[in-house]
Amino acid sequence: IQLSTCWSHITYSTLSSVFCLRAGGWSPLTSDQYQWLEVDLGERTKLTAVATQGRYGSSDWLTSYLLMFSDTGHNWQQYRQEDSIGAFPGNSNADSVVQYKLQQPVIARFLRLFPLDWNPIGRIGLRLEAYGSSDVVSLDGSSSLVYRLSPGLRRTSKEVVSLNLKTLRNSGTLLHAEGWGGLSLSLELERGKLLLLLRQGGTSSSEPRRLASLGSLLDDQHWHRVVLERQSAHLNLTVDKHTETVQIPAEFSHWDIEQSLDSENPVISTRDFHGCLENLLYNDLNLIEQAKRNDHQVTVMGNVTFSCAEPVTIAVTFPGPQSFLQVPGPTVSTLGGLSVGFQFRTWNKVGLLLTFDLLQQGGVAWLYLSEARVQLQIHKDGTTNSFPSPGSALNDGQWHSVDLNSRYGRFTITVDKKEGGVSSPSFPVTVGRQLFFGGKNNSENCSNPFDIFQGCMRLLTVDNQPVDLIMVQQRLLGNYSHLQIDMCGITDRCSPSHCEHGGRCSQSWTVFHCNCSDTDLIPPPAVYEQSCEAYKHNGNTSGHYYIDVDGSGPIKPQLVYCNMTEENTWMVIQHNNSELTRVRPSPGVNQHLLYFDYSSEEEHLLAVISQSEHCEQELSYHCRKSRLLNTPEGSPFSWWLGGPGPGHLQTYWGGAQPDSQQCACGLQGDCVDPQHYCNCDADRTEWYCLTEDSGLLTHMGSLPVRSLVLGDIQRPGSEATYRVGPLRCHGDKNLWNAAFFDKETSYLHFPTFHGELSADITFLFKTTSSSGVFLENLGIKDFIRIELSSSTQVVFSFDVGNGPLEVHVESSVPLNDNRWHRVRAERNVKEALLQLDELPAATQEAPADGHFHLQLNSQLFIGTASRQKGFRGCIRSLQLNGVTLDLEERAKITPGVRPGCPGHCSSYGSLCLNQGHCVERASGFHCDCGLSAYAGVFCHTEVSASFKSDTSVSYTFKEPYEFIRNSSALPSSIYSDTTLRGENVSLSFRTNQSPALLLYVSSHYREYLALLINEYDKLEVRYKLDNNREAEVLTSSTRSLANGQLHTVAIQRVTNSVSVTSVLWSAQDESCFANFFFILLNYSKSPHHSFLSPDSDDLDPDLAKLASLGFIGCLSAVHFNSINPLKAALLHPDTSPIIIAGPLVQSSCGSSASANPYTAENTHHLSGTSEDLNTFIHIHCLAGVIAVVIFVIVTGLAITARFLYRRKETYVNRDVKGVKERDSPDFPFNNQTDSQNVSSENPKEYFI
C-alpha cells in the first residue's frame, strides 16, 4: 500500500482477494483533496465491490470519494457510475460499513482512492476493503491465435465471442471469422473505433461492407469489454456498456462455422492487432487457457506471450482555463536552438499549446491551435509574425504529434511526421528558461491572447529528453496548476450519439452539438402531425403533408396526400403504378409478375395501417379470354401478395373476403356465369360489359398489395387490364384515445416509463380545474412529473440525481377553459423542453458533467397516486417516446376513470365557417354545412356557378299547412319563411354585364326584393313592402361593378330597417371599398304573405326589361335566411325544390382556388399506350345499350314536357289561400325549412 501522507500508524494484511486496513485506519497529515490511498493487488484482479468505514474511535470519515484504476501504477483511469459521474457516497459515521457494488466490474492491478469530502468537524479517515479474481495474452502486431472447431461439433442457435482488449494503437484487426465462398466477418479497430465488417472474396483488400460501428477512444491503454453474439438472424455487438444489433446478411446467416473445417480457413484470428487480450472466450471455452495447454484446436502463430507487457506512458489532462504545466527550457543554447516535442488530443478547434519567452529580443512565441490547425506566432516590438504548419482537422480526438525545432535561425514545425518549413524570423532566437504548456502562470503578468487548451498531452520532450511528469506531480520538477497528471480525461460525448432522427453529432471538450441540416427534419419536427386527421383538426385542407406516425420515435416523416373533401379524412399513399394498365401475351412468358413500390418506407407504411381505423385499396381486372381465379377447387391462375414485408399469398379479389378464392360477384351471387365465382372466369372472348372483377380490399392484415401475378394471358386472343389503386386510410386510433378522470383521486397506472437518456412526452388535455398532476413516475430518488400548477401555468419537473429541475410555461389565457390544449415535454442529456399549444418552448440546460440517466422503478401514473393533487378532466393522445398508451382500454377496468371524452366542438367548433354547424362524434367532430351556402370539410368552399343569358334557377318554398299534413311535431321557426319580419341575404358575383338583374324575390301580393346592377354600373337594391306604395331604391356610390372582379353583397332587414353591406373591388386600382347603407322604411306593418314566383306579367316594367336580358357571369354563395338555393341546385338538384332553366355549370369563379384539386390529381390514364382505355374496354358495350339509352332519353323528354305543361296550368289556375300570421318575438335570420317536398298549393319562388 502506498499513501500520499500518513497521520497515524497503519498495518494491513492480505486475505485472498480482500485487502483490509486496520489498527484505526488511515488519516493523512493534511486533509485536502490532494491526498490518496493506493493498493497494489499484486496481479490483475477482477474487482466487483469496495467498502469504506471511518477511522476507529474517531470523528474521521469520508462522505464521498473517487476511485481510479491502473495496471502499471501510472496512466490512471477514473471509474464512473455513469459516463460523467465518478463520485461514490461515503459514510455518515465512523463505525458503519458502506459497500458499493460496481455496476461494471473492473480488472486492474492497482486501485487508488481520492477523498472528496469528509466530516466537517473531523479529518479524513478511512478503512477500505476491495472485493474481487484472470488469462492474458500479448500480441505484437504480427502474431495471432487461430481456433478451429471440431469436425463433429453441433451447431447451436447462439454463439458468443467475448474478450477484453487494451492497446495503444488505434488500428488493427481484432477478430476474424470465415465461411464458405470467401465470405468473412471481422472486428477491426479503425481510429479508435471498433467496426464489424463483412467481406466477400477472402482477402483483406476486398472492399468491406460495414455492418456496425461502436466504441471510441479504444486506444487509451485501458481495458475495454467486447462481446459479439449471434442470436438466430441477428448479431449483437457490445463494446463496454453499449450494444448495437444488426441483421445478419442472408449470405452469412450463421457464420458457416460448421463448414470451416479446413486448416486453411481459420475461424478466429487476431492479425495486425498490437496489444493485450484477456479472457478470450468462444461459447464459454477459454481459448487463452487452451493455448497455454497446447490444445490442438488453438494454434499459436508468431510471438505470443501470456502476460501483458506494455510501455508506460504518462499523460496529463488540461481540464480548464487555469490549467498550465511549466517545465525547464533548454539547458544549453546553441545558436538559439530549440527542440520541443509532444503529443496531444482534443475535441476543440482552438487552444494554446505552448508558450515561451524570447530572451534578449524581449518577445514571446505562441504555438496554438486555430481552426484545428497548428500555428506559430512570434510577437516582438509590437510586430506579430504568424507561421502555418501542415496538418488539419486535428480536433478529432486522436493523438497527434508535434515537433518544434529551431536551428540556425530557422523554425521547423512537424505535425504527425509531416514536416513544414517555416520562414525564419528577422532576428536570432534565444529561448527563455521556462516552457509553458497549455497556458501560463497568471503571476507572470502576461495575458493569454488565445483560447485555453482543453485536452491531453503526453510524451513531452525538451532537447530530445523526456519530461518526467511524475517528478512534476511530486513538485520535484517545474510547476503546474489544475492538472490531472497520469491520466487522460478525454470523453467522447458522441459515442454513442444522442442526436435523433439521423442528426450528425459534433463536440467540444465540454459539450456536444447535433447538426440536423442533413436530415429530413426540415421544417422542425414540431410542425409534423401523426395523421391527416390531426392536420384536419388544425384547420388544414386537402394537400400534401409530412406525416410522422410515431412522433419522436425512429420512423422518419413521409410525404403523403391528405384528402379532406369527404366526410372521412383520407390519407393517400401512392405507389409506382396506380393507373389502369393493359397486359398482352408475350412470347415465352406464361405469367406477368408486377411489383409495387410505395412512396412511404416500410416501417411508416405498416404504422399507418396499424393506427388507422380503416384502410382500403382498389383491385380491378378487365378481361377478354383471360381467366382470373378459376374455381374454388382449382388452383388460381392469378394471385397477389399483400401484408407486411414481402407479403403473404392471397387468392381472393377486390370486394371478396380473405381466403374465399372469390371475386365480389361470387360473394354477391351475380356473376355472369353462375358456375364460377368471378366474371372473368367465364372466359368470354369479347370485351363484354360485365367481364371485369373490381372491388376494394379492406382486410387491413392483407394490405398493402406488394405484388401481382397474372397467369392466364398467354393464349392467343387473351387480353387484360388491371389496376391496383393507391392505399387509402382514414381515422386515427391514437389521436382520439382518451380517458376522463372524474375525481382528483382518479388515476391510471402503466408499466415503468423507460426514458433513461431521452424522454419525449406529448398529450392533449382539457379541464375546468385550476391545478392537478397529469402524470408522474417515481424512482428511489429520481422522478419525472408534468402538472398544471395553476390555471395559466404548466410545469415539467424531474430529477436524475443532480437535484430537482423545473421548466415552466405561462399562458396568457386560462387553461381551465374546457378546451383542448397540447403539451409537449422533452428531456435529454443536454436540455429539457416544455411547449404548450403554439407558445414558444421553454428550455433548461442540463448540468454539463452531472448525472443524466433517469432511473425510475415505480409504475407510471396518469393522474397521481401520491400526495399531490390529482387531475380532473380529459387526457387524450398520450405518447411516450413515440408509443401511444391505450388509455381507453385501461379506463374500462379502472374505477373513477371513464373511456373516451366528448365535447370536441368546444375546441374545434370554430373551424366550422360560414354558418356551418359543429356536430359531435365519439372520435372528433364534423361540420354540417346544411345551413351554409358553402361546402367542404369546414364549410369554407364557395359554391359557384357560371350563368348564361338563358340560365335561371328558381327555388319553391312550402306553406306551413303542407308540413302540418306530413308531421305532427314541427319547430316554431318553420313559419318564419312565410311570416317574414326580416331577411338575411348575401351573395357574391362577377360579371362584365351592365345593367343586369342578379336576384329577385317576390310575394303573391307583388311585394318584392330585387338586387341589380343599373345602367350606371352601380349596385342597386329595390325593396317594395307595400303594394300601395312605390319601391324604395338603395344605390351604391361606387361605379364599375361590371369589371370582372368578384364583389360581395349582404342585405339585412329587421322590420322597418334595411342595411346593405357591399365589398366591391375597383378595376382601376384593385382597392377594396366597404359601403354601408341604412334606411328607415316608414311602413305600418311588415309583410306577412308568402314569397311567390310571379308570372312575367307581374314584374315591374323596368325589372321585366332587365329580366329579358338575362345574366351572364358568375354567382357564388347565394344565401337567403336558412335557404341556399344555388348550392341546392348544384349539389342536390334531385332532392330540392329547384327548377333550373338553361345551362348551369359549376365552376370556381367565386374563388381564386380550384374547387377540387384532388379530382384532377387522381385522373387515371392507360399506362404505356396512348389509346383511350375506356373506348378499348367498352366499345362492345355501347352497341348493346345504345337503343336503351335512346329510349330512356325520349321517354324522359316526354315526361318532362308533360310535367312542365301541367305545372304551368297549375300556376295559372291556382287559388290563393290565406295564411294565419304568427308573430315571433325574435328575428328569424336562421329559418328552418323542409326542402324535400314541393307544394303545389300557394308556392313562393326565388329567382336567380
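Residues numbered from 1 in each chain as written. Predicted model: local features only at pLDDT ≥ 70, side-chain atom pairs only at ≥ 80, totals over all residues. Heavy atoms only, no water.

Draft legend 1. Structural context of the state of the cysteines. Summed over all chains, the structure comprises 14 disulfides. The disulfide partner of Cys-499 is Cys-514, and the S-S distance across this bridge is 2.0 Å. Its S-S torsion of about -90 degrees marks the bond between Cys-499 and Cys-514 as left-handed, since a negative value means left-handed. Taken together, the positions of Cys-499 in the loop between β38 (484-485) and β39 (504-507) and Cys-514 in strand β40 (residues 512-515) put the pair 15 residues apart, joining distant regions of the chain. Given the relative accessible area of 12%, Cys-499 is considered buried. (Disulfide = S-S within 2.5 Å. Helix = DSSP H or I, 4+ residues; strand = E, 2+ residues; numbered from the N terminus. Buried < 20%, exposed > 50% of the residue type's maximum accessible area, 1.4 Å probe, protein only.)

Draft legend 2. Molecular detail of the pairing of strand β47 (residues 639-642). Side chains of β47 alternate between two faces, with Trp-640 and Gly-642 buried and Trp-639 and Leu-641 left unburied. With four bridges connecting them, β47 and strand β50 (residues 705-710) associate as antiparallel partners. The residue bridging Trp-640 from the neighbouring strand is Leu-708, located in β50. Pairing geometry for β47 and strand β48 (residues 648-650), over three bridges, is antiparallel. If you follow Leu-641 over to β48, its bridge partner there is Leu-649. The turn linking β47 back onto β48 is made up of five residues, and Gly-643 within it adopts a positive phi angle of 110 degrees. (Pairing = 2+ DSSP bridges.)

Draft legend 3. Up close: the environment of Arg-1029. Relative to the assigned elements, Arg-1029 resides in the loop between β76 (1019-1024) and β77 (1032-1035). Taking C-alpha positions, Arg-1029 is 10.0 Å from Glu-1007, a pair spaced 22 residues apart along the chain.

Draft legend 4. Structural context of the confidence of the model for the protein chain. Taken residue by residue, the protein chain gives an average pLDDT of 78. The fraction at 70 or more is 78%. The low-confidence segment residues 254-270 (pLDDT under 50) makes 57 contacts with residues lying over four places distant or belonging to another chain. (pLDDT = per-residue confidence, 0-100. Contact = heavy atoms within 4.5 Å.)

Draft legend 5. Region of the structure containing the nonpolar core. Core analysis: the biggest nonpolar cluster contains 63 residues, and Tyr-621, Trp-653, Leu-708, Leu-727 and Phe-925 have the highest contact counts within it. Of the residues forming this core, the biggest block, four residues, is contributed by strand β46 (residues 614-624). Aside from chain neighbours lying at most four places away, what touches Leu-727 is Met-571, Val-572, Ile-573, Tyr-598, Leu-605, Ile-609, Cys-615, Glu-616, Gln-617, Leu-703 and Pro-704. (Core = buried A, V, L, I, M, F, W, Y, C linked by side-chain atoms within 4.5 Å.)

Draft legend 6. Structural detail: the sheet that holds strand β13 (residues 172-178). Across the sheet, four strands lie side by side as β13-β14-β15-β16; this open sheet has antiparallel pairing. What marks the edges here is a single partner per strand, and that holds for β13 and β16 (209-214). With direction set aside, neighbouring strand axes in the sheet form an average angle of 20 degrees. Sheet topology places strand β14 (residues 183-190) next to strand β15 (residues 193-200); eight bridges connect them, and they run antiparallel. Note on β15: the bridge partner recorded for Leu-185 is Leu-198. (Axes fitted to C-alpha atoms, helices over the stretch in contact; angles between N-to-C directions.)

Draft legend 7. Spatial organisation of the pairing of strand β64 (residues 873-880). Counting buried positions along β64 yields eight of eight residues, so the element is predominantly enclosed. Bridge count between strand β53 (residues 738-741) and β64: four bridges; the pairing is antiparallel. Bridged to Ala-739 within β64 is Ile-875. As judged from the two bridges shared by β64 and strand β65 (residues 883-884), these two strands associate in the antiparallel manner. Bridge pairing in β65 places Gln-879 opposite Thr-884. Taking the residues between adjacent antiparallel strands as the criterion, β64 and β65 are bridged by two residues, where Asn-881 takes a positive phi near 50 degrees.

Draft legend 8. The arrangement of the sheet that holds strand β58 (residues 793-799) in detail. An order of β54-β63-β56-β57-β58-β59 is seen for the six strands of this open sheet, with the pairing classed as antiparallel. Both outer strands of the open sheet, β54 (747-750) and β59 (805-810), are each paired with one neighbouring strand and no more. This sheet shows a mean twist of 15 degrees between the axes of neighbouring strands, independent of strand direction. Sheet analysis places β58 next to β59, joined by six bridges and oriented antiparallel. Each residue of the ladder has a partner; that of Phe-798, found in β59, is Leu-805.

Draft legend 9. Summary view of the pattern of salt bridges. Here the structure, examined in full by the defined rule, presents 28 salt bridges. Put simply, Glu-616 and Arg-728 hold a salt bridge, and the shortest N to O gap is 3.5 Å. Linking Glu-616 in strand β46 with Arg-728 in strand β52 (residues 727-730), this pair joins segments that are 112 residues apart in sequence. Assessed through its relative accessible area of 11%, Glu-616 is described here as buried. What makes Arg-728 buried here is its relative accessible area of 16%. Between Glu-983 and Arg-1053 there is a salt bridge, with its nearest N and O atoms 2.5 Å apart. Here Glu-983 is found in strand β73 (residues 982-991), whereas its partner Arg-1053 is found in strand β78 (residues 1047-1054), with 70 residues between them in sequence. Accessibility expressed as a relative area gives 2% for Glu-983, which makes it buried. What emerges from the salt-bridge pattern is a single network uniting Arg-44, Asp-71, Lys-166 and Glu-278. (Salt bridge = Lys/Arg side-chain N within 4 Å of Asp/Glu carboxyl O.)

Draft legend 10. Main features of empty space enclosed by the protein. Estimated volume of the largest cavity: approximately 70 Å³. For the largest cavity, the lining is made up of 13 residues, of which Ser-531, Cys-532, Met-571, Cys-729 and Gly-731 are closest to its centre. Partitioning the lining of the largest cavity into residue classes produces five nonpolar, six polar and two charged. (1 Å grid on protein atoms, 1.4 Å probe; cavity = no way out; pocket = protein on both sides within 12 Å on 5 of 7 lines; lining within 4 Å. Points joined across faces, edges and corners; volume = space filled by probe spheres on them. Nonpolar A, V, L, I, M, F, W, Y, C, P; charged D, E, K, R; others polar.)

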